[in-house]
Amino acid sequence: MKEIRIGLVGAGWMGKAHSSAMLDEQMLFGPDFGVPVFEMVADANEESAKIAQHKIGFKRMTTDWHTLVSDPDIDLVDIATPNAFHYEVAKAALENGKNVYCEKPLSISEAESKELAALAAKKNVINYVGFNNTMNPANAYVRDLVQSGKLGKIMRFVGRYDQDQLLDENLPITWRHINKLAGCGALGDLGSHLLSVSQFIMGDISAVNAMKETIFPKRPKGRDSKEMADVENEDIISLMTRYANGAIGTISASRVATGRKNYLAYEIQGTKGSVVYDLETMGEVQVYFQSDDEADRGFRRVFLNPKHKGYSAFQPAGGISIAYNDMKILEAHELFSALTQGTPYACNFEFGYKIDRTIAAILKSADNGVWTPVE
Ligand SMILES: NC(=O)c1ccc[n+]([C@@H]2O[C@H](COP(=O)([O-])OP(=O)(O)OC[C@H]3O[C@@H](n4cnc5c(N)ncnc54)[C@H](O)[C@@H]3O)[C@@H](O)[C@H]2O)c1
């Protein structure tokens, strides 16, 4: 049994999700992969830090993350701040020789992510990015279908990540609307998840041609404020893609997609079969095999079951619902296994840098309207 002393930076939505996933990981997998010790929490908002300390049981709290990243009693720095702070916190943590678990996207620029990936490799510490959709048993199943050749030659990936959380134009401005805090809009927030799934299943995107739109260019400065502030980034991103494996596709993301709640959805078409998946019905994958008798051909529903990677941690029989937080639990398990047993993991900083390179190419293409290679 090895203690993993956690220093959490940012105690908002994801800070809580990470901490609760680490506790659930213990319940499901036991102490052999490490035991989390909630050592210190840092949040710029003192009240949030105090609440996290009280509820999660952190031994210490601070409003200054610099104290946390240099603390000798911390093994893993867990970064769940707005995007812009990922770089400086991760860099300082790596320079202090800490293992780092960072929310997505890794940073707000290709250059910052490149630097972090190189520094992490040099320091030879665990460097994990929270692209939790790659942990979804459904995506692991689809990846197997694609990579085993069961779907034949892959021709096309059509994907969307749509939510309507920001459809109400009276919702006030947040860090997600300001480029120096978020980097970009729907692309970084939602699109990055879809890019991670696409990368995980299909491999590299080689070129993109994108366009973007801001539907609500101004929002109130505060909840009851009459003063307005500029929304600096896109509500919708839409692009065509070319894949290194020869497939083509389209990808889009919207944070103002009327009626859509958490619609990370895609269809992959191969010469021998196709799959359709959407996160709003997380437990089922639609599968079509051209090889079936023509009389029987049609999409059928495959419910997630213990044969699908990760699922059996939660349920002993197929078709029983799993949910968003379960992806975070599997992520915590992969992270702890890497920390204590040296097991490999896909979502390292190099993976995060790849996603940020793709985001940079998409933004460049959206600005100048031409096909842009992903370097
Ligand atoms: N993997 C996912 O599914 C998922 C979902 C939501 C958010 N995210 C990512 O998680 C990160 C956090 O998003 P969130 O929704 O939890 O945000 P949030 O606004 O709920 O929480 C952010 C917290 O960070 C604190 N903070 C801000 N600046 C800070 C600083 N300089 N030092 C310390 N604390 C600071 C805030 O006070 C707040 O408590 C983002 O990078 C976002 O992209 C990922």
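Residues numbered from 1 in each chain as written. Predicted model: local features only at pLDDT ≥ 70, side-chain atom pairs only at ≥ 80, totals over all residues.

A. Expanded view of the nonpolar core. Counting 106 residues, the largest nonpolar core has Val77, Val142 and Ile362 as the members making the most contacts within it. Counting residues domain by domain, this core receives three or more from each of domain 1 (3–132) and domain 2 (136–318 + 348–368). With residues near it in sequence (within four places) discarded, isoleucine 362 still touches Leu187, Val208, Ala210, Ile237 and Leu239. (Core = buried A, V, L, I, M, F, W, Y, C linked by C-beta atoms within 7 Å. Buried ≥ 20, exposed ≤ 12 C-beta atoms within 10 Å, placed from the backbone. Domains from an automatic or database assignment. Contact = placed C-beta atoms within 7 Å.)

B. Layout of the pairing of strand E15 (residues 284–289). Strand direction decides the pairing type here: strand E14 (residues 273–278) and E15, joined by 5 bridges, are antiparallel. By the bridge assignment for E15, serine 274 is matched with tyrosine 288. Taking the residues that link successive antiparallel strands as the turn, the E14-E15 hairpin has 5 residues. (Pairing = 2+ DSSP bridges. Helix = DSSP H or I, 4+ residues; strand = E, 2+ residues; numbered from the N terminus.)

C. Representation of the site of the ligand. What surrounds the ligand is a group of 22 residues, the closest being Gly10, Gly12, Trp13, Met14 and Glu103. Its residues assigned to classes, the shell around the ligand comprises 10 nonpolar, 8 polar and 4 charged. (Near = placed C-beta within 6 Å. Nonpolar A, V, L, I, M, F, W, Y, C, P; charged D, E, K, R; others polar.)

D. Up close: the sheet that holds strand E4 (residues 76–79). The 6 strands are arranged E3-E2-E1-E4-E5-E6 in an open sheet whose pairing can be described as parallel. Of all the strands in the sheet, the pair left with one neighbour each is strand E3 (60–62) and strand E6 (127–129). When strand polarity is set aside, the average angle formed by the axes of neighbouring strands in this sheet is 25°. Where strand E1 (residues 3–9) and strand E2 (residues 35–42) come together, 7 bridges link them in parallel fashion. Pairing of valine 9 across the sheet is with alanine 42, part of E2. Packing against the sheet, helix H2 (residues 46–56) makes contact with E2 and E3, and its axis sits at approximately 160° to E2. (Axes fitted to C-alpha atoms, helices over the stretch in contact; angles between N-to-C directions.)

E. Quick look at the domain arrangement of the protein chain. Entries for the protein chain in the domain assignment read domain 1 (3–132) and domain 2 (136–318 + 348–368). Relative placement of domain 1 and domain 2: their C-alpha centres are 25 Å apart. Elements with a contribution of two residues or more to the side of domain 1 that touches domain 2: helix H5 (110–123) and E6. A per-element tally of the side of domain 1 that touches domain 2 places H5 first, with 6 residues. A breakdown of the residues in the side of domain 1 that touches domain 2 according to their chemical character gives 12 nonpolar, 5 polar and 3 charged.

F. Main features of the sheet that holds strand E13 (residues 263–270). Spatially, the 9 strands line up as an open sheet ordered E16-E15-E14-E13-E7-E12-E11-E8-E17, and their pairing is mixed. Two strands lie at the open edges of the sheet, namely strand E16 (300–303) and strand E17 (372–373), each paired on one side alone. Bridge count for strand E7 (residues 154–162) against E13 is 8 bridges, and the pairing is antiparallel. When the bridges of E13 are listed, valine 158 appears paired with glutamate 267. The strands that helix H6 (residues 137–147) touches are E7, E13, E14 and E15; relative to E14, the one it contacts most, it runs at about 165°. Running at roughly 155° to E7, helix H8 (residues 186–202) makes contact with E7, strand E8 (205–213), strand E11 (236–243), strand E12 (248–254) and E13 of the sheet.

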